Amino acid sequence: MSTSIAPRADALGAPAPVLSVHPVVLPVPGRPVDLQVRVSAPTTGTDLPVILLSHGHGPSNHLSSLHGYAPLADYWAAHGFAVIQPTHLTSRTVSHLIAHVPDWWRSRAEDMSHILDHLDMIEHAVPQLAGRIDHAKVAVAGHSLGGFTAALLLGAGLTDPATGNLVHLLEPRIKAGALLAPPGRGGDAYNGPMAKQWPIIGAIDFSTMTTPALVVAGDKDDPRHFTDIGPSWHADPYTLAPSPKTLLTVFDAEHGLGGIAGYDAAETTDENPQRVAAVVHLTAAYLYAQLHPGSTTWQTASQTLTTSPHPIGHITTK
């Protein structure tokens, strides 16, 4: 089923003021540095569902850390989520402290499981959140390399190029996900100039990614440094994973999807506030509906708006 999408009135209600606390420091035995996270949440409300937000690996010094992705975190928090953003070991903000990170891909996924293991500690560190988080309603979202991390947590398998071992890092406490401009498949399609430097990206297998997920892909997101098959590569987590899955194809969007990594970020090649507003709204509506069975937020947000002269994209489901 395909549906054209345009911005519409907010299906999630009026935004609330947001509190944001950082860094919340979680000690992790064996990790080269402590795990630092930012926590953002509405100032009111209880039973808040959680979104774990995994940053990408762009050229900026701070967007790939707990300091990035404010357009996503601010909107999601204002509309009823507790958003937790870790600084992964791949971040430039900690690279000067770490000579080498073996199995960095594994550590990124493990960061999210460690956060879920210590939600009580996070609530204690942010007293305004005490007793307000619903530990049973958890989603994961990630952009670019963060989408790769999210896919692993949602059930995608991976054959470690260093050992040949099949690895599964499914996190059963995560009930849904949103993959924003994620990497696609490996194999013969993984033939770009960067493929040899990042063999782990091409080692993923989406056939076991059974958790419900929304994949967001820009139809102008050219991944030629990894593959020559074009923007459709970023839709592979939808195409190759089992249902239930949803694909939002964003018209004229490049890798930044209009600028989700940060406000006025210089690295955004397709800056478009309307596009960002639509992406953050649709992802919020999808994740809320997945975590609250019976909710109509996604149905409302994604219904056809045939009267719009400029739809931002279309949705396909399976």
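Scope of this entry: the structure provided in the associated data block.

What counts, and where the lines are drawn
- Residues numbered from 1 in each chain as written.
- Predicted model: local features only at pLDDT ≥ 70, side-chain atom pairs only at ≥ 80, totals over all residues.
- Heavy atoms only, no water.
- Helix = DSSP H or I, 4+ residues; strand = E, 2+ residues; numbered from the N terminus.
- Expected span 1.5 Å × (residues − 1).
- Buried < 20%, exposed > 50% of the residue type's maximum accessible area, 1.4 Å probe, protein only.
- Salt bridge = Lys/Arg side-chain N within 4 Å of Asp/Glu carboxyl O.
- Polar contact = N/O pair within 3.5 Å; in protein donor to acceptor, adjacent residues only side chain to side chain.
- 1 Å grid on protein atoms, 1.4 Å probe; cavity = no way out; pocket = protein on both sides within 12 Å on 5 of 7 lines; lining within 4 Å.
- Points joined across faces, edges and corners; volume = space filled by probe spheres on them.
- Nonpolar A, V, L, I, M, F, W, Y, C, P; charged D, E, K, R; others polar.
- Pairing = 2+ DSSP bridges.

1. Points about helix α3 (residues 104–117)
Phase 1: With 14 residues, α3 should cover 20 Å at 1.5 Å per step; its first-to-last C-alpha distance of 20 Å lies within 8% of that length.
Phase 2: For α3, the complete set of buried residues consists of Trp104, Trp105, Ser107, Arg108, Ala109, Asp111, Met112, Ser113, His114, Ile115 and Leu116.

2. Digging into the pattern of salt bridges
Phase 1: This model, assessed by the stated rule, comprises nine salt bridges.
Phase 2: For Arg173, the salt bridge goes to Glu171, with nearest N and O atoms at 2.9 Å.
Phase 3: You can call Arg173 partly exposed: its relative accessible area is 31%.
Phase 4: Put simply, Arg185 and Asp236 hold a salt bridge, and the shortest N to O gap is 3.0 Å. Of this pair, Arg185 sits in the loop between β9 (176–180) and β10 (204–205) while Asp236 sits in helix α6 (residues 236–239), and the two are 51 residues apart along the sequence.
Phase 5: Where salt bridges share partners, they join Asp117, Glu171 and Arg173 into one cluster.

3. Side note on the side chain of Ser302
Phase 1: With respect to the helices and strands, the residue Ser302 is situated in helix α8 (residues 297–302).
Phase 2: Looking at Ser302, the relative accessible area reads 12%, which means it is buried.
Phase 3: At 2.7 Å, the side chain of Ser302 forms a polar contact with the backbone oxygen of Trp298.

4. Some points on the layout of surface pockets
Phase 1: Its volume calculated, the largest pocket comes out at about 710 Å³.
Phase 2: When grouped by side-chain class, the residues that make up the lining of the largest pocket number 15 nonpolar, 13 polar and five charged.

5. Things to note about the sheet that holds strand β8 (residues 166–168)
Phase 1: Strand order in this open sheet of three strands is β8-β7-β10, and the pairing throughout is antiparallel. Either end of the sheet is taken by a strand with one partner, and the two such strands are β8 and β10.
Phase 2: Relative to β10, strand β7 (residues 157–159) runs antiparallel, the two sharing two bridges. The partner of Gly157 across the bridge, within β10, is Asp205.

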